[in-house]
Amino acid sequence: MSATAGRLGLSAAVLAVLIYLIFPVIVVVAISFSSGNFLVFPPPGFSLRWYESIAGDPEWVNALWVTLKVGSLSALIAVLLGVPAAFALVRHVIPAKALLSALILCALVTPPIVTALSTYLFFVPLGLVNTVVGLACAHAVSGMPFVVINTSASLRSADINLERAAVIHGAHPLWAVLRITLPIISPGIVIGAIFAFVHSAHELLVATFVLGGVGKPVAVKIWSGVQATSDPTIAAASAILIGLAIFTFASAAATQSLAKRRTA
Amino acid sequence: MTALAEPRAAPLLRPALSSRGRMLPALLLLPCLAWITFFFLAPLVLMCWRSLASEGFSLEPYGVLFTSPLFTKVMITTVRTAAITTVFALLLAYPLAYALTVSGGKVRALILVFTLIPYWVDIIVRSFSWLILLGDNGMVNKALMALGIVSAPLQMLYNPFSVLLAMVQILLPLTTVTLFGAMLRIDRTLITAAKIHGASEWHAFRTVFFPLSLPGVYGAGLLVFVLALGFYVTPALLGSPRETMIAQTIMVEASQLLDWPQASAAGAVLLIITTSIAAIYNRYFSLDRLWGGSDK
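**Here's the deal with empty space enclosed by the protein**
Moving on, step 1. For the structure shown, the criterion picks out four cavities of 30 Å³ or more.
Moving on, step 2. Within this model, the largest cavity holds a volume of roughly 960 Å³.
Moving on, step 3. In terms of lining, the largest cavity is formed by 41 residues, of which the most central are Leu108(A), Pro112(A), His199(A), Ile123(B) and Leu227(B).
Moving on, step 4. Take the lining of the largest cavity: its biggest share by element is five residues, from helix H6 (residues 132-157) of chain A.

Here you go:
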């Protein structure tokens, strides 16, 4: 095989796979702006009516609000617990480190249905079912790995000598960490928090078991909509989630390039 | 390779902290571990307990599972679907990850953005999109009929094909990023060396790069397989009701039949399978390399 033929074949394969990856996203976004009553692609015309119908429906507005509350609270818990853990794992010699970090990360590979069922059984006697706080507590577990991974990465690339310099000049070690190191690694923490938030917003099964009755979050509402209705409201709700995702993705990328400039 | 790589400058600030320094890592880790123990491990233990002790201690729910032909069929469908998904995800992710490895600058950034955008889109939404595309009046059928390839709409939904198409698309970004991370660790000077000694580009790829990338392929494969085993949304929306996966079985037993011991037993079986595979993965590849966490 000649080198050019190989290059050409690779480019064609990459293009095809990228189209396969992106096309479903385009379809949902396009249909959300449809003027028609049914889920057809390509849509017959452009309109914002499905977004208007979401904005005018208190149930959808409430669902978005619930998702926002659960996501923020779980991301906050994940940051408060995950950042100190990342410090311990990166900076200290601790026994069974591999086991401990695997324990922190294992929520990511546990099947969501198993987490959902076990959380529900555990929450019923505690009275945490049907509470926003309960769902946020559960989501914080799967949000923590994202915070620990991103904070550790930032922490490893941060220059420790700045903190040492502060300590040598008389600063309390804790103060040096809070005032010097924390601002340096803050982009990593923010990215971790964004990942944790998005994970919570997308999570369906734990949300269904814990908060599936009253005050459903968006993911649960979309899921019941997908199975029942066939008008583009669902597409619009999905597109709002996509918009949210792309917005967070862009802000994550912006934070990262900001961080690079700062550490450079 | 230990998870979360070794500290660059090990016992720093230790003198300043004196005896408190030894307590510090424990204090930093404790809240996080306590949270995981209470909100994650304790529920899992409780679930396994509920599967054994509904009315006194009995293994009955497990007996029911393993003698039921339906459960056997569900397990076969689950493992088969996950395996085929893994193979296709690897086949499609490999060229993408390779292109990311050999390209640089703007091309790499562009491919990476297009690969990652779908990762940020809800699984429900991505599955739902295939529902629209593959329906009788969907774009795919219309195109096929317009081209005269088929005369009547093909039944493309609610079968293994539609589930596979959507699951591979959903797992592709993660597969690609994991493979890319592994490929970046390959020493590229070895390929240059092969070329200097007269190997063609293809020959250098086949005899040097590809064998070196295989551990990464196995790692990504294990990871995708574990995640695919637990899929719920995609098979529930796009699959045949006669060919369900284990997550759907657990969902029906819990939310419709309210049979908690039976649901817990099925959950425990799935948990044991995925935890074993994750443990193998962690032993050889370490979990924190996911999402490009540790070294890049």
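**Some points on the side chain of Ser142(A)**
Residue and element names in this part refer to chain A.
Moving on, step 1. Counting through the fold element by element, Ser142 comes out in helix H6.
Moving on, step 2. At 3.4 Å, the side chain of Ser142 and the side chain of His199 are in polar contact.
Moving on, step 3. Not counting residues up to four positions away in its chain, the partners in contact with Ser142 are Ala107, Leu108 and His199.

**Some details on the confidence of the model for chain B**
Residues and elements named next belong to chain B.
Moving on, step 1. Across chain B, pLDDT averages 85, with 89% of residues at or above 70.
Moving on, step 2. Here helix H1 (residues 14-17) is the element of chain B with the lowest mean pLDDT, 46, and helix H4 (residues 69-102) is the one with the highest, 95.
Moving on, step 3. Ignoring residues within four places in sequence, the model shows residues 291-296, a span with pLDDT below 50, making 15 contacts including any to other chains.
Moving on, step 4. Here the prediction assigns the complex a pTM of 0.87, and the interface score ipTM is 0.88.

**Observations regarding the interface of chain B and chain A**
Moving on, step 1. Contacts between the two partners involve 92 residues from chain B, matched on the other side by 97 residues from chain A.
Moving on, step 2. Carbon and sulfur atoms make up 82% of the surface buried where chain B meets chain A, a total of about 8,700 Å² over both sides.
Moving on, step 3. Applying the counting rule to chain B against chain A returns one salt bridge.
Moving on, step 4. The partner of Arg7(A) in a salt bridge is Glu201(B), with the nearest N and O atoms 2.9 Å apart.
Moving on, step 5. At the boundary of chain B with chain A, the tally comes to six residue pairs in polar contact (both at pLDDT 80 or more).
Moving on, step 6. The leading source of residues in the side of chain B that touches chain A is helix H2 (residues 20-52) of chain B, at 19 residues.

**Looking at the packing of aromatic side chains**
Any two aromatic rings considered together are summarised by their centre-to-centre distance and by the angle between their planes.
Moving on, step 1. Here the structure, examined in full by the defined rule, presents 20 aromatic pairs over all chains.
Moving on, step 2. Their ring planes at 45 degrees and their centres at 6.2 Å tell us that Phe205(B) and Phe210(B) sit as a pair that is tilted.
Moving on, step 3. With a relative accessible area of 17%, Phe205(B) lands in the buried category.
Moving on, step 4. Look at Phe210(B) and you get partly exposed, because its relative accessible area is 34%.
Moving on, step 5. Three or more aromatic residues joined by ring pairs form one cluster here, namely Tyr94(B), Tyr98(B), Trp202(B), Phe205(B), Phe209(B) and Phe210(B).
Moving on, step 6. Lys221(A) extends its terminal NZ or CZ atom over the ring of Trp60(A), reaching a point 4.8 Å from the ring centre.

**Observations regarding a nonpolar patch on the surface**
Residues and elements named next belong to chain B.
Moving on, step 1. Among the surface-exposed residues, Ile84, Val87, Phe88 and Leu91 lie close enough to one another that they form a single nonpolar patch of about 350 Å² accessible area.
Moving on, step 2. Summarising the element assignment, Val87 is placed in helix H4.
Moving on, step 3. For Val87, a relative accessible area of 48% corresponds to the partly exposed category.

**Some thoughts on the pattern of salt bridges**
If charged atoms from side chains of opposite charge come close, those side chains can pair.
Moving on, step 1. Following the criterion strictly, the structure yields four salt bridges over all chains and no others.
Moving on, step 2. The partner of Glu163(A) in a salt bridge is Arg91(A), with the nearest N and O atoms 3.0 Å apart. Here Glu163(A), found in helix H7 (residues 160-168), pairs with Arg91(A), found in helix H3 (residues 58-91); they are 72 residues apart in sequence, far enough to count as distant. Residues Glu163(A) and Arg91(A) agree in their burial class; the two are buried.
Moving on, step 3. For Arg80(B), the salt bridge goes to Glu243(B), with nearest N and O atoms at 3.3 Å.

**Section: the side chain of Ser127(B)**
Residues and elements named next belong to chain B.
Moving on, step 1. Considering the arrangement of structural elements, one finds Ser127 in helix H6 (residues 123-134).
Moving on, step 2. At a separation of 2.9 Å, a polar atom in the side chain of Ser127 contacts the main-chain carbonyl oxygen of Ile123.
Moving on, step 3. Beyond its immediate chain neighbours, meaning those up to four positions away, Ser127 contacts Ile170, Val233, Thr234, Leu237 and Leu238.

**Quick notes on the confidence of the model for chain A**
Low pLDDT means the predicted coordinates in that region are not meant to be read closely.
Moving on, step 1. For chain A, mean pLDDT is 86; residues scoring 70 or higher make up 94% of the total.
Moving on, step 2. Within chain A, the element-level pLDDT minimum falls on helix H11 (residues 233-263) of chain A, averaging 73, and the maximum on helix H5 (residues 112-126) of chain A, averaging 96.

**Topic: helix H5 (residues 105-116) of chain B**
An α-helical segment advances 3.6 residues per turn. Residues three or four places apart therefore align on the same side.
Residue and element names in this part refer to chain B.
Moving on, step 1. With twelve residues, H5 extends 17 Å between its outermost C-alpha atoms, agreeing within 8% with the 16 Å of an ideal straight helix rising 1.5 Å per residue.
Moving on, step 2. Taken together, the buried positions of H5 are occupied by Ile111, Thr115 and Leu116. The arc enclosing the buried residues of H5, seen along the axis, measures out at 125 degrees, which places them on a common side. Away from the buried face of H5 by more than 90 degrees, exposed residues Gly105, Lys106 and Leu110 are located.

What counts and how
Residues numbered from 1 in each chain as written. Chains lettered and ligands numbered in written order. Predicted model: local features only at pLDDT ≥ 70, side-chain atom pairs only at ≥ 80, totals over all residues. Heavy atoms only, no water. 1 Å grid on protein atoms, 1.4 Å probe; cavity = no way out; pocket = protein on both sides within 12 Å on 5 of 7 lines; lining within 4 Å. Points joined across faces, edges and corners; volume = space filled by probe spheres on them. Helix = DSSP H or I, 4+ residues; strand = E, 2+ residues; numbered from the N terminus. Polar contact = N/O pair within 3.5 Å; in protein donor to acceptor, adjacent residues only side chain to side chain. Contact = heavy atoms within 4.5 Å. pLDDT = per-residue confidence, 0-100. Buried area = accessible area lost by both parts, 1.4 Å probe. Salt bridge = Lys/Arg side-chain N within 4 Å of Asp/Glu carboxyl O. Phe/Tyr/Trp six-rings, centres within 6.5 Å; stacked < 30°, edge-to-face > 60°. Buried < 20%, exposed > 50% of the residue type's maximum accessible area, 1.4 Å probe, protein only. Lys NZ or Arg CZ within 6 Å of the ring centre and 35° of its normal. Patch = residues over 30% accessible without salt bridge, like charges linked within 9 Å, V, L, I, M, F, W, Y side chains within 5 Å. Areas by Shrake-Rupley, 256 points an atom, 1.4 Å probe, with all protein chains shown as cover. Expected span 1.5 Å × (residues − 1). Arc of directions from axis to C-beta.

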